[in-house]
Structure formats: C-alpha cells, structure tokens
Amino acid sequence: MHDNTVAPHWVAAALPKAAPALATSTVLILARIWNAHGAEHSVGNAVLMTALSMGAAAAGVVAGNATGDTVLVGTAFAASGALAFAGVAGYADGLPLPLLLWSLATAGAYGLAARYWRTDRRETVAYQRETSERREEYAHLERVETIRATAQVEVAQAGAVYAEQLAAALIHRAALPGYDPVALERAGLPELPNPDH
C-alpha cells in the first residue's frame, strides 16, 4: 500500500512561520499610513483606538468566562493588542517607538505561535504514528489471510489430484483380470465401491 505524497511548495510551507511577522508588519504599515494622514497627535483617534482595544480585551474576558473557548479568547486578545499597537504607532511621531512596539509584538506573537506549533506538531506526529501502526496491522492481516487462502487453495488442489488418482486406480484395479472384491473383504481390507453397481 503506497500513499501519494505531495511536497508542498516552499512558499506554502514557510507561510505559517512568517504569519506573525506579516501580521505585525501589516499593522505597523497601516498605522504609519494612518499617522501620515492625520492621526499623529490626534486625541480623538487615540481615544477611539483605546476604546476599541479595551472593547476587544473585554470581549476576550467575557468569551473566556462564558464559553471557555481558547481560540476565541486568543483572537479577542490578539485584536486588542493589535488595536493598541496600531493606536500608539498611529499617534506617535517618529519611528523609534512604533518600531520598538513592532519588535515586542512580533516577539510576543512568535512566542504564542510557538506553543501552538508545538502542540500541532505533537498531534501530527501522534496521528502519523497511529496511521503507520494501523497500516502495519492491516498489512499483517492481509499477509496472514493471503497465506491462509493460498494454503486452502493448495490443499484443495492436492485433494482434487488425490481424488483423480484414486478414481483412476479403482478403475484400473477393476479392469485387472481376476479382480475379486469378495476376496479383498475376506482378507480384511476395507470394502471399496464397486464400479459395476
């Protein structure tokens, strides 16, 4: 049994590892574009982003208490962090503070992602191991059944050959001159079917 294995393109294989950096870089770029279009030192925009960030964090807390869904909670807190990061990057003048926040956000995103990647890797390895064991078990069962079926066929073929030889011997013996089935019975040999009857 062979599986067709398709090697993923290197871009597809590298994309999940680059996703945290792409996400934080995208937020930084959009925040700096927003900064260039009037968000710099805008109190109204800062209040808006603070409110959105706190709202996303509150949604994460509520989701954690109500459902316990870790993916939903993680998404809400990630959105809160991204909004806070975008607000600061959009409000601040110059690049040092936004770049510092970008590096911290990227490191934090990779720290969180690494945990999920390890879990995913463990689950993948466990699944592959279980699949391999199942395949080996089925292959073993197939080999045993093949051997058993081959043995049955060989026994049946040998029985058919023996039956043909026995029938030929009976016919040949009955055709011999002086064949007397009664004399055979008196000698203690088992009675053989008489082909004349």
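Residues numbered from 1 in each chain as written. Predicted model: local features only at pLDDT ≥ 70, side-chain atom pairs only at ≥ 80, totals over all residues. Heavy atoms only, no water.

Trainee: Go over the nonpolar core with me, naming the residues and quoting the values.
Mentor: In terms of nonpolar packing, the biggest core is built from 6 residues, these being Leu28, Ala31, Met49, Phe85, Ala86 and Ala89. Of all elements in the fold, only helix H1 (10-39) and helix H3 (70-91) reach the threshold of two or more residues within this core. Looking at this core element by element, the count peaks at 3 residues for H3. The contacts of phenylalanine 85, once residues within four sequence positions are left out, are Thr24, Val27, Leu28, Pro98, Leu101 and Trp102. (Core = buried A, V, L, I, M, F, W, Y, C linked by side-chain atoms within 4.5 Å. Buried < 20%, exposed > 50% of the residue type's maximum accessible area, 1.4 Å probe, protein only. Helix = DSSP H or I, 4+ residues; strand = E, 2+ residues; numbered from the N terminus. Contact = heavy atoms within 4.5 Å.)

Trainee: Describe the packing of aromatic side chains, listing the residues and the values that go with them.
Mentor: In this structure the tally under the stated criterion is 1 aromatic pair. The ring of tryptophan 117 carries the charged tip of lysine 17 above its face, separated from the ring centre by 4.0 Å. Looking at arginine 115, its charged tip hangs above the ring of tyrosine 116, at a distance of 5.0 Å from the centre. (Phe/Tyr/Trp six-rings, centres within 6.5 Å; stacked < 30°, edge-to-face > 60°. Lys NZ or Arg CZ within 6 Å of the ring centre and 35° of its normal.)

Trainee: How would you summarise the packing of H3 against helix H4 (residues 96-175) if you had to cite specific residues and measurements?
Mentor: Between H3 and H4, the shortest axis-to-axis distance is 8 Å and the interhelical angle comes to 160 degrees. Of the possible angle classes, the one that applies to H3 and H4 is roughly antiparallel. In the crossing of H3 with H4, the sense of the turn from one axis to the other is left-handed. Residues Phe85, Val88 and Ala89 of H3 pack against Leu97, Pro98, Leu101 and Trp102 of H4. Of the residues contributing to the contact of H3 with H4, the split by class is 7 nonpolar, no polar and no charged. (Axes fitted to C-alpha atoms, helices over the stretch in contact; angles between N-to-C directions. Parallel < 35°, antiparallel > 145°, perpendicular 65-115°, else oblique. Left-handed = near helix turned anticlockwise from the far one by under 90°. Nonpolar A, V, L, I, M, F, W, Y, C, P; charged D, E, K, R; others polar.)

Trainee: Describe helix H2 (residues 43-66), naming the residues involved and giving the relevant values.
Mentor: With 24 residues, H2 should reach 34 Å at 1.5 Å per residue; the first-to-last C-alpha distance of 34 Å fits that figure. Listed as buried for H2 are Met49, Ser53, Ala56, Ala57, Gly60 and Ala63. Contacts made by the buried residues of H2 are with H1 and H3. Glycine 68 sits one or two positions beyond H2 and adopts a positive phi of about 75 degrees. (Expected span 1.5 Å × (residues − 1).)

Trainee: Please give an account of the environment of alanine 57 that cites residues and values.
Mentor: The topology assignment puts alanine 57 in helix H2. With 19 residues separating them along the chain, alanine 57 and alanine 76 place their C-alpha atoms 6.1 Å apart.

Trainee: Hey, could you go over the pattern of salt bridges for me, with residue numbers and the actual values?
Mentor: Within this structure, the stated rule accounts for 2 salt bridges. Between arginine 134 and glutamate 130 there is a salt bridge, and its shortest N-O distance comes to 3.3 Å. Taken together, the positions of arginine 134 and glutamate 130, both in helix H4 and 4 residues apart, correspond to about one turn of that helix. The exposure class assigned to arginine 134 is partly exposed, which follows from its relative accessible area of 33%. Residue classification places glutamate 130 among the partly exposed residues on the basis of a relative accessible area of 43%. (Salt bridge = Lys/Arg side-chain N within 4 Å of Asp/Glu carboxyl O.)

By themselves, these figures tell us nothing about what the structure is for.
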